[in-house]
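An overview of the molecular structure
Listed below are the residues making up each chain.
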Amino acid sequence: MQNFSGALEDSDRLLKSGRADAYDMLIRVYCKTALKLPPENILPDAVKATELNLADPEAWFHRGSLEDALNDFETAVQSFSRSIALEPTAAAFACRAESLSCLGRKDEALEDFNRAIENDPDDIECYAERGTLLAALGRRDEALKDLTRFLEKSPDDAQALSCRGAVYADMENFPAAKVDLERSLVVRPDPETSYRLSGVLNMLGEYRRAAEQSDLAVRGVPDDPDYNFWRGVLLLDDGDEKSAAIFFRKAVDCADEESLPYFLAEIGRLYKGS
């Protein structure tokens, strides 16, 4: 096993002596990453590496990865773009796509995922990422194709199973959605997946289990307005108006300014129809 701590100590001595170059700084990035140091502790070395050699695509790639990990997506996109301009690798396109997606620039992100897969058709992880993005864009058939291709190689990936389950649910294939979402929860309990499964079970007439999954979702994220609203809906359907009102109030209290009118309108409609 490589002695990363020893290599980092050697690098420290070079840095203090003023003799460290771009290669040395990149070694520091590798060592600190291997030692699982926080990204904010590693980024200054990555920045220094790019400053010492502006034409090193690998240095720009690592810098972008650290900026992305720190949620500085705008700067990460710039760093990945510098890396791509120097060497257009599949990894750089895929990473820039993820940063663009986080910025809400989903069409640009899709273009980058396409470029990544063109460069490396065997990168199965990229199909999962593109499939998730296609699902968010409402392109369900394409999303299903990518997610299925990924799951053929990684059948126990909880996130991909949950995403494909959600796509099946949107396509009203509730039995298939149930299978994927239940498999996902076996691999990794997750409030969002429980929330999705609750809706599917309700559509299949499994009302008791739908309530159980809804309860798990709220317990997992107590301040999520959607989870609280749905819990209220199920309780109201079950005739428990008093408990439903508690969850509806929680949904309203947790809603942001944009979603608040929706929740108020839906709650009013539910009570009017009950």
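Definitions and cut-offs
Residues numbered from 1 in each chain as written. Predicted model: local features only at pLDDT ≥ 70, side-chain atom pairs only at ≥ 80, totals over all residues. Heavy atoms only, no water. Helix = DSSP H or I, 4+ residues; strand = E, 2+ residues; numbered from the N terminus. Rg over C-alpha atoms; globule rule 2.2 N^0.38 Å. Buried < 20%, exposed > 50% of the residue type's maximum accessible area, 1.4 Å probe, protein only. Contact = heavy atoms within 4.5 Å. Areas by Shrake-Rupley, 256 points an atom, 1.4 Å probe, with all protein chains shown as cover. Lys, Arg positive; Asp, Glu negative; His and termini not counted. Charge placed at Lys NZ, Arg CZ, Asp CG, Glu CD. Phe/Tyr/Trp six-rings, centres within 6.5 Å; stacked < 30°, edge-to-face > 60°. Core = buried A, V, L, I, M, F, W, Y, C linked by side-chain atoms within 4.5 Å. Expected span 1.5 Å × (residues − 1). Salt bridge = Lys/Arg side-chain N within 4 Å of Asp/Glu carboxyl O.

A look at the overall build of the protein
When helices and strands are tallied, the protein shows 16 helices and 0 strands. In summary, the protein has a C-alpha radius of gyration of 24 Å against a globular reference of 19 Å for 274 residues, an excess of more than 25%. Considered along the principal axes of its C-alpha atoms, the protein spans approximately 75 × 35 × 35 Å. Counting across all 274 residues of the protein, residues that qualify as buried make up 42%. Relative to all contacts within the protein whose residues are 6 or more apart in sequence, the contacts with residues 24 or more apart total 41%. On the protein, roughly 14,900 Å² of surface is accessible, and the fraction owed to carbon and sulfur atoms is 50%. Of note, the protein has its 33 positive side-chain charges centred 2 Å away from the centre of its 53 negative side-chain charges.

Details of the packing of aromatic side chains
A complete count under the given rule lists 7 aromatic pairs for this structure. Judged by centre distance (5.8 Å) and plane angle (75°), the rings of Phe-248 and Tyr-271 are edge-to-face. Highlighted residues: Phe-248 in helix 15 (residues 241–254) and Tyr-271 in helix 16 (residues 260–273), separated in sequence by 23 residues. Judged by relative accessible area, Phe-248 falls into the buried class, the value being 3%. Feature note: the residues Phe-229, Phe-248, Tyr-262, Phe-263 and Tyr-271 constitute an aromatic cluster, connected by ring pairs.

Focus: the nonpolar core
Of all hydrophobic cores here, the largest spans 55 residues; its most connected members are Phe-229 and Phe-248. The dominant element in this core, judged by the number of residues it contributes, is helix 6 (residues 90–102), at 7 residues. Setting aside anything within four residues of it in sequence, one finds Phe-248 in contact with Phe-229, Gly-232, Val-233, Leu-236, Ile-267, Leu-270 and Tyr-271. The next biggest cluster of nonpolar side chains, apart from the first, holds 5 residues, and it includes Val-29, Leu-43, Ala-46 and Leu-66.

Description of helix 8 (residues 124–136)
Compared with the 18 Å implied by 1.5 Å per residue over 13 residues, the 19 Å span of helix 8 between its first and last C-alpha is a close match. Looking only at helix 8, the buried set comprises Cys-126, Tyr-127, Ala-128, Arg-130, Gly-131, Leu-133 and Leu-134. Packing partners of the buried residues in helix 8 comprise helix 6, helix 7 (106–119) and helix 9 (140–153). Gly-138, located one to two residues past helix 8, shows a positive phi value of around 80°.

Some points on helix 1 (residues 4–17)
If you check helix 1, its first and last C-alpha atoms are 20 Å apart, about what 14 residues at 1.5 Å a residue would give, namely 20 Å. Of the positions making up helix 1, those classed as buried are Gly-6, Leu-8 and Ser-11. In this structure, the buried residues of helix 1 make contact with helix 2 (22–34). One or two positions beyond helix 1, positive phi appears at Gly-18, with a value near 80°.

Remarks on unusual backbone geometry
One non-glycine residue, Lys-36, adopts positive backbone phi at about 60°. For Glu-172, which is not a glycine, the phi torsion comes out positive at approximately 65°. If you trace the backbone, Glu-172 turns up in the loop between helix 10 (158–170) and helix 11 (174–187).

Concerning the pattern of salt bridges
On inspection of all chains with the given rule, the structure shows 20 salt bridges. Between Asp-215 and Arg-219 there is a salt bridge; the shortest N-O distance is 2.9 Å. One end of the pair is Asp-215 and the other is Arg-219, both in helix 13 (residues 207–220) and 4 residues apart, which spans about a single turn. Judged by its relative accessible area of 22%, Asp-215 is partly exposed. With a shortest N-O distance of 3.9 Å, Arg-231 and Asp-215 are connected by a salt bridge. Residue Arg-231 is located in helix 14 (residues 225–237), and its partner Asp-215 is located in helix 13; the two are separated by 16 residues in the primary sequence.

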